[in-house]
Amino acid sequence: MGTLEENPKGTADYCTACTSCITACPVTAATSKFRGPKLVGPAQSRMNFAEPDAEASLEYCSNCKNCDISCPSGVAVSTLNMLQRGEYYRSHPHPLRDHILAHGEQMIKLARKFPFGSLFANLGANIGRKTGMFKMIGIASKRPMPKYASKSFLQQFRSIKQKSYPNKVVFFPGCFINENDPDVGIAFVKVMQQNHYEVIVDENFVCCGSPLVVTGYLDEAQANARKNTALIRKWTDQGYPILTCCTSCSLMLKQEYAELFDFPDLHENAKFVYDACEFLLDLHEKNRLDQNFNHQGGNYIYHMPCHLRVQGIGTPALELLSLVPNVVVENADAGCCGISGNYGFKEDKYEISMQVGQELFQRIKESSADTVVSDCGTCRLQLEHGTGFKTVHPIEILCTAYHA
Amino acid sequence: MIKSDVIVIGGGFAGLMAAAVSAKRGKKVTLLTYGSGSFPLNSGLIDIMARPIDETVCATPVEGIQALPAQHPYKRVAANIVEDAVTFFKELCEEENYPYSGSLTKHQWVVTALGTMKPTCLVPKTMLGDLCLKKEEIVLVGFNRLKDHYVNVMEENLQQSLGKKKNYTTVMVDAGIEDGRDLTALDIARWLSTTQGYETCIKQLRSAVKANSVVILPQVLGLKHDYAIWAQMKKDLQCEILESTGLPPSANGLRLRNLLLNYLKKHNVTMIENAKVIGSTVRNHICTAITTQAAARERTYKADNFILATGGFYGGGLQMENFPSIKETIFDIPVQFEGEAEEWANEKLFSNQKQPFAEVGIQTDAKMRPLDGAGNCFINNVFVVGRNLSGYDFCFEQSGNGVALVSAYQAAMSL
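Computed from a prediction, not measured in an experiment: that's the story for all the values here.

Thresholds applied
Residues numbered from 1 in each chain as written. Chains lettered and ligands numbered in written order. Predicted model: local features only at pLDDT ≥ 70, side-chain atom pairs only at ≥ 80, totals over all residues. Helix = DSSP H or I, 4+ residues; strand = E, 2+ residues; numbered from the N terminus. Rg over C-alpha atoms; globule rule 2.2 N^0.38 Å. Buried ≥ 20, exposed ≤ 12 C-beta atoms within 10 Å, placed from the backbone. Contact = placed C-beta atoms within 7 Å. Core = buried A, V, L, I, M, F, W, Y, C linked by C-beta atoms within 7 Å. Domains from an automatic or database assignment. Nonpolar A, V, L, I, M, F, W, Y, C, P; charged D, E, K, R; others polar. Expected span 1.5 Å × (residues − 1). Pairing = 2+ DSSP bridges. Axes fitted to C-alpha atoms, helices over the stretch in contact; angles between N-to-C directions. pLDDT = per-residue confidence, 0-100. Arc of directions from axis to C-beta. Parallel < 35°, antiparallel > 145°, perpendicular 65-115°, else oblique. Left-handed = near helix turned anticlockwise from the far one by under 90°.

(A) Expanded view of the overall build of chain B. Per the secondary structure count, chain B includes 12 helices and 17 strands. For chain B, the C-alpha radius of gyration of 22 Å lies close to 22 Å, the compact-globule estimate for 415 residues. Expressed along its principal axes, the backbone C-alpha trace of chain B runs to roughly 70 × 45 × 40 Å. In chain B, which comprises 415 residues, the proportion classed as buried is 52%. In chain B, once contacts between residues fewer than 6 apart in sequence are set aside, the share between residues at least 24 apart is 69%.

(B) Quick peek at the overall build of chain A. In terms of regular secondary structure, chain A is built from 23 helices and eight strands. Within the span of chain A, comprising 404 residues, buried residues form 55% of the whole. For chain A, the proportion of contacts with a sequence separation of at least 24, taken over those separated by at least 6, is 76%.

(C) The arrangement of the nonpolar core in detail. Residue and element names in this part refer to chain B. Counting 236 residues, the largest nonpolar core has Ala 18, Val 385 and Ala 408 as its most contacted members. Counting residues per element, this core draws most heavily on helix H1 (residues 13–24), at nine residues. Contacts of Val 385, omitting those with residues within four sequence positions, involve Ala 14, Ala 18, Ile 307, Leu 308, Ala 309, Met 368, Ala 404, Ser 407, Ala 408 and Ala 411.

(D) Spotlight on the domain arrangement of chain A. Residue and element names in this part refer to chain A. In terms of domain boundaries, chain A breaks down into domain 1 (3–91) and domain 2 (289–403). Computed over C-alpha atoms only, the centres of domain 1 and domain 2 are separated by 27 Å. Taken together, the elements giving at least two residues each to the side of domain 1 that touches domain 2 come down to helix H3 (26–30) and helix H5 (66–70). Residues belonging to the side of domain 1 that touches domain 2 are distributed by class as follows: five nonpolar, four polar and two charged.

(E) Local environment of the domain arrangement of chain B. Residues and elements named next belong to chain B. By the assigned domains, chain B splits into domain 1 (4–100 + 255–414) and domain 2 (113–244). Here the C-alpha centroids of domain 1 and domain 2 sit 33 Å apart. Between domain 1 and domain 2, the contact holds 22 residues from the first and 13 residues from the second. When its residues are assigned to classes, the side of domain 1 that touches domain 2 shows 12 nonpolar, six polar and four charged.

(F) Structural detail: H1 of chain B. Residue and element names in this part refer to chain B. Compared with an ideal rise of 1.5 Å per residue, which puts 12 residues at 16 Å, H1 spans 16 Å between its outermost C-alpha atoms and is within 8% of the ideal. In terms of burial, H1 is a largely internal element, 11 of the 12 residues being buried. For H1, every residue scored as buried is listed here: Phe 13, Ala 14, Gly 15, Leu 16, Met 17, Ala 18, Ala 19, Ala 20, Val 21, Ser 22 and Ala 23. Packing partners of the buried residues in H1 comprise strand E1 (4–9), strand E2 (29–32), helix H4 (79–95), helix H10 (251–266), strand E14 (298–308) and helix H12 (402–414). Following H1 by one or two positions, Gly 26 has its phi on the positive side, about 90°.

(G) Representation of the sheet that holds strand E8 (residues 390–392) of chain A. Residues and elements named next belong to chain A. Reading across from one edge, E6-E5-E7-E8 is the order of the four strands in this open sheet, with parallel pairing throughout. In this open sheet, the two edge strands, each paired with only one partner strand, are strand E6 (327–331) and E8. Pairs of neighbouring strands in the sheet enclose a mean axial angle of 35°, with direction left out of account. Where strand E7 (residues 371–374) lies against E8, three bridges are found, and the strand directions are parallel. Residue pairing across strands places Val 372 opposite Thr 391, the latter belonging to E8.

(H) Summary view of the confidence of the model for chain A. On average, residues of chain A score 94 in pLDDT, and 97% of them reach the 70 mark or higher. Across residues 1–5 of chain A, where pLDDT falls below 50, the model places seven contacts with residues more than four positions away in sequence or in other chains.

(I) Representation of the environment of Ile 177 of chain B in the model. Along the chain, Ile 177 of chain B falls in the loop between strand E8 (167–173) and helix H7 (185–192). Its 19 C-beta neighbours within 10 Å are what place Ile 177 of chain B among the partly exposed residues. Each C-alpha atom, one on Ile 177 of chain B and one on Leu 128 of chain B, is 29 Å from the other, the two residues being 49 residues apart in sequence. Discounting chain neighbours no more than four positions away, the residues touching Ile 177 of chain B are Ser 32 of chain A together with Leu 183, Asp 187 and Trp 191 of chain B.

(J) The arrangement of the confidence of the model for chain B in detail. Looking at chain B, the pLDDT average stands at 95 and 100% of residues meet or exceed 70. This complex was scored by the predictor with a pTM of 0.96 and an ipTM of 0.95.

(K) Here's a closer look at the interface of chain B and chain A. Opposite the 32 residues of chain B that make contact, chain A presents 31 residues. Put simply, the parts of the chain that give the side of chain B that touches chain A at least two residues each are H7, H10 and strand E11 (270–272) of chain B. Residues of the side of chain B that touches chain A, tallied by class, amount to 15 nonpolar, nine polar and eight charged.

(L) Expanded view of helix H6 (residues 151–162) of chain B. Residues and elements named next belong to chain B. Over its 12 residues, H6 runs 15 Å from end to end, which matches the ideal 16 Å to within 8%, given 1.5 Å per residue. Listed in full, the buried residues belonging to H6 are Val 151, Met 154 and Leu 158. End-on, the buried residues of H6 take up no more than an arc of 50°, which puts them together on one face. Exposed side of H6, more than 90 degrees from the buried face: Asn 152 and Gln 160 are the residues found there. Next to the buried residues of H6 lie strand E7 (137–143) and E8. Looking one or two residues beyond H6, the residue adopting positive phi is Gly 163, at roughly 100°.

(M) Main features of unusual backbone geometry. With an omega of -5°, the peptide bond between Pro 248 of chain B and Pro 249 of chain B qualifies as cis. Relative to the helices and strands, Pro 249 of chain B resides in the loop between strand E10 (240–243) and H10. With an omega dihedral of -5°, the bond running from Phe 323 of chain B to Pro 324 of chain B counts as a cis peptide bond. With respect to the element layout, Pro 324 of chain B can be found in the loop between strand E15 (318–322) and strand E16 (325–328). Although it is not a glycine, Asp 265 of chain A sits at a positive phi angle of roughly 80°. Topologically, Asp 265 of chain A is positioned in the loop between helix H16 (247–260) and helix H17 (266–270). Despite not being glycine, Asn 287 of chain A has its phi angle at roughly 60°, a positive value. Among the residues examined, Asn 287 of chain A registers 7 C-beta atoms within 10 Å and is labelled exposed.

(N) Region of the structure containing the sheet that holds strand E4 (residues 273–275) of chain A. Residue and element names in this part refer to chain A. On the basis of which strands lie adjacent, the open sheet formed by four strands has the order E2-E1-E3-E4 and parallel pairing. Looking at strand neighbours, the two that pair on one side only are strand E2 (198–201) and E4, the edges of this open sheet. Here the strands of the sheet are splayed against their neighbours by 40° on average, with no regard to which way each runs. Across four bridges, strand E1 (residues 168–171) lies against E2 in parallel orientation.

(O) Fine view of the pairing of E1 of chain B. Residue and element names in this part refer to chain B. With five of its six residues buried, E1 lies for the most part within the structure. Pairing between E1 and E14: five bridges, direction parallel. Opposite Val 6, over in E14, you have Asn 305 as the bridge partner. Bridging between E1 and E2 involves four bridges; their strand directions are parallel. The partner of Val 8 across the bridge, within E2, is Leu 31.

(P) Local environment of the packing of H1 of chain B against H10 of chain B. All names here are of chain B. In the contact formed by H1 and H10, the axes pass within 10 Å of each other and the chain directions differ by 30°. Judged on the interaxial angle alone, H10 and H1 are roughly parallel. The handedness of the crossing between H1 and H10 comes out as left-handed. For the pair formed by H1 and H10, the contact residues are Leu 16, Ala 19, Ala 20 and Ala 23 on the first element and Leu 260, Tyr 263 and Leu 264 on the second. Grouping the constituent residues of the contact of H1 with H10 by class yields seven nonpolar, no polar and no charged.

See the structure below:
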């Protein structure tokens, strides 16, 4: 199946209406308001690209990509949905809620320009939630907003004194790690240093664009993609791999840019992009991974993010963690957690999001583990919310094992 | 990737079975899947053989196999292999607490969504249609807004297949599911899996169903591979409870898939999803590695043996852009169609003969290794299973999942 496959719009014609995607779609299972990936994705998009009317239930797609994983015919179902959503918002106004959920990066960057900016931002989010203001504009009121860290990853990274090594990698922190969960980024730098890599961070990187794509801000997402692509190109020209600790960022950079947009360097850049655990596992296979692990022991349950599953690289985090003595990791293997980036933060999608995660929450609660491991930041938020368990990124366990 | 004993390519029934048998034998197995196979499309029944030559239904599956022509996949393996494969499958299902019934010496009859009776071989407990023959009261249950399950059509056809002497009743149940799209059997199955849904359903059935009837439902008795809802309903209604086959998406197909995946997980099979295999490294008739297309990059996986279970034309395992050039894209195994373009298909879709295009596929030796045009082994450590194989028309013969099971078993035993 030659050239069509590289063009998501063209892949709609590969759909044989076999229903595999319907059986795999967690949103379809959670609500009958969604007409399902087959109808909304390939079927509707063939019509939609001819006429600007939008299928009413398109808003229910969470872009979790389980449809793509289940499709035997290479149809880019979820991307067809995102393209349609982008088309729709070219001629329709966005709700304020979507603007807020899509532009978290801009807002916190602005807030950080003021003293105690992150503190006030957190306070504001808390007040917004508790006073019902969030609910009024359509942001889920039953869910805590992710807290901003008092110092961003970039702010902290500047004061790290790294050992210099000839091997270098470029870290793409992404908004969540940079603004909310910098500990993961710091752990990543330590793990790379342990393996004799120097970490470069390009301060000009912007949000990968994933939150913009899923809320239909395709042009803005494209502007981010162009900016990041130009920056990445400078690094890949020097042969440096680009690493992320966020599976939605890595999926954007590896695959979704090239599916959604059409400008130079996308495919070439993508070849240099690695999920952090994928990269470390490759090192292990070359016998170059430092295995001086010393972990006091832990009982974990692993949730594989859908955006990692779709990358076709298996479960690198699980394989890496199996190398750490005393660390026991069970694979939850219970489907999508339901959050799908900013989807579960929408008031009218909150219940669906929690319903989707039900099986996984149950599996986690029934396990003998005390901590959840997952490579995705918003999955971790959802699992903390749905189970009350502590969560960590796999790289944090490796970091602890090196420095215990 | 650490080298595996065997890499299975394909996540359909043949692939999962090949992985299961290999893992059970203690092999280190890596399973590469691209899509969810035909599980959502078939009813999870194991048809072995019903029409070996023409439309006549053979006396038993095993006699049907004996009557087959020599090029049929069943005929490539020793007779006891079919039996061993059936035993393996039944033991596996037993182990996963979802036992299947049936044997090679008797057809099992299941009720189809159209109300016809279809012969098959291995059947979950919820679908043993022979019960209809024994009881007088037949109750056909439909659900409001459920697509593709029309109780009146079923009734008319069942009167023909089972006789008009029986008493037929139809009942429509309302699941009260929120407004939205048409419902599928899966939606009803999820509803019946909730306590509230189950109780609402039983309440509506109780008023319409006499004890000691056979109650026939679409495939809605849950999505898990257990018989909990079925057993509870049997008890609550004091009736025999039966599921028909159905149009896609199929609940029992998914139960079978979940059952097998669960088994593979327990047996430490490494599974790589969304891994499209695009090529192989073969030297001197030995394959050392295959290449997948992952997001952005190709990846290489090494193994001692490879099992090819990528399906036929429908599943993408075989491709033909121009007649008669048929391609198997991973190993470039030669595939021939012996005949002219006009012999490719019988004009009548429901003809009394097998379809020539359906019998196109890869020829193998007794170990399921592919052969070249001259009949020599093409690659010594590659084994071909399921819909990739030549010499059978599963649809006509009713050997769907059966050939997949037997060839997967044989391949995994030949490693």
